Amino acid sequence: MRKALLALAIGLATSSAFAAGEHGGSHSSMNDAEIDRTIRVEAGDMWFDAERLDIAPGETVKFEVTNTGNLEHEFVIGNTKAQEEHREMMQAMMGSGHGNGGHDMADGEHGGGMPSVTIAPGDTAELVWTAPANVDGLEYACNIPGHYEAGMYGNFDNKG
């Protein structure tokens, strides 16, 4: 138990060095005229507010994710299978001594290029994303070990 707590403490301390605020490809290249709406999401310690979002197919949304908690979080969009694979990878890397989940948080490698941002405590990150034709089955999540399991995820509904 003592080793697990030490590993978690070291992981949290070192992971903030990798928090780039925004990562994951071309989502930051759009201008405001191309964005249909902005959705503000709050990430607290082990929860997101809102737990469900209505998004129309083809809608381009700018997410402003504010971390009001004391821990680093991520906001990753993907289907259930991709989210699960990413969680497993993060857990395996945490177990091998890589405190940040074992991947460079700045390069956007979230299982097939899932759109994502990492948010340090007290920070806000932006993510611009265009919804695919069918958003059913997509979710947003924090896959840092233990966070998803504690309830840090939400679902998209197709409002179109």
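Here, the structure is the one placed above.
Residues numbered from 1 in each chain as written. Predicted model: local features only at pLDDT ≥ 70, side-chain atom pairs only at ≥ 80, totals over all residues. Heavy atoms only, no water.

Caption draft 1: Region of interest: the nonpolar core. Counting 25 residues, the largest nonpolar core has Phe63, Phe75, Trp129 and Phe156 as its most contacted members. Mapped by element, the contributors of at least two residues to this core are β1 (37-44), β3 (52-55), β4 (60-67), β5 (73-79), β6 (116-119), β7 (124-130) and β8 (138-141). If we ignore the near neighbours within four places in the chain, the residues touching Phe75 are Val41, Phe48, Phe63, Val65, Pro115, Ser116, Val117, Ile119, Leu127, Tyr140 and Ala141. (Core = buried A, V, L, I, M, F, W, Y, C linked by side-chain atoms within 4.5 Å. Buried < 20%, exposed > 50% of the residue type's maximum accessible area, 1.4 Å probe, protein only. Helix = DSSP H or I, 4+ residues; strand = E, 2+ residues; numbered from the N terminus. Contact = heavy atoms within 4.5 Å.)

Caption draft 2: Quick peek at helix α2 (residues 80-95). In this model, α2 (16 residues) spans 23 Å end to end at C-alpha, consistent with the 22 Å of a helix rising 1.5 Å per residue. Looking only at α2, the buried set comprises Ala82, Gln83, His86, Arg87, Met90 and Met94. Each buried residue of α2 sits inside an arc of 135 degrees when the element is viewed along its axis, so together they form one side. In α2, those exposed residues whose orientation departs by more than 90 degrees from the buried face are Lys81 and Gly95. Two to three positions downstream of the cap, the backbone nitrogen of Lys81 sits 3.1 Å from a side-chain oxygen, assigning the N-cap of α2 to Asn79. (Expected span 1.5 Å × (residues − 1). Arc of directions from axis to C-beta. Polar contact = N/O pair within 3.5 Å; in protein donor to acceptor, adjacent residues only side chain to side chain.)

Caption draft 3: Fine view of the environment of His73. As for its position among the elements, His73 is in strand β5. Sequence-distant contacts of His73, that is, excluding residues within four places in its chain, are made with Ala43, Gly44, Asp45, Met46, Asn67, Val117, Thr118, Ile119, Cys142, Ile144, His147 and Met152. Of the polar contacts made by the side chain of His73, one reaches the backbone oxygen of Gly44; its length is 3.0 Å. Polar side-chain contacts of His73 include one of 3.0 Å to the side chain of His147.

Caption draft 4: Main features of the pattern of salt bridges. The final tally for this structure, using the stated rule, is six salt bridges. Note that Glu59 and Arg37 form a salt bridge whose closest N and O atoms lie 2.5 Å from each other. With Glu59 in the loop between β3 and β4 and Arg37 in strand β1, this residue pair connects regions lying 22 residues apart in the sequence. With its nearest N and O atoms 4.0 Å apart, the salt bridge here joins Glu126 to Lys62. Taken together, the positions of Glu126 in strand β7 and Lys62 in strand β4 put the pair 64 residues apart, joining distant regions of the chain. Residue classification places Glu126 among the partly exposed positions, given a relative accessible area of 35%. Several salt bridges converge on common partners, so that one network encompasses Arg40, Lys62, Glu64 and Glu126. (Salt bridge = Lys/Arg side-chain N within 4 Å of Asp/Glu carboxyl O.)

Caption draft 5: Structural view of the sheet that holds strand β2 (residues 47-49). Taken in spatial order, the four strands make up an open sheet running β2-β1-β4-β7, and their pairing is mixed. One side of each edge strand has no neighbouring strand; the edge strands of this open sheet are β2 and β7. Averaged over all neighbouring strand pairs, the angle between strand axes comes to 25 degrees, with direction disregarded. Of the strand pairs in this sheet, β4 and β7 are connected by seven bridges, and their pairing is antiparallel. (Pairing = 2+ DSSP bridges. Axes fitted to C-alpha atoms, helices over the stretch in contact; angles between N-to-C directions.)

Caption draft 6: Seen up close, the packing of aromatic side chains. Under the criterion given, the structure shown has nine aromatic pairs. One aromatic cluster is present, formed by Phe48, Phe63, Phe75, Trp129, Tyr140 and Phe156 through successive ring pairs. We note Arg87 situated over the ring of Tyr148; from NZ or CZ to the ring centre the distance is 3.6 Å. (Phe/Tyr/Trp six-rings, centres within 6.5 Å; stacked < 30°, edge-to-face > 60°. Lys NZ or Arg CZ within 6 Å of the ring centre and 35° of its normal.)

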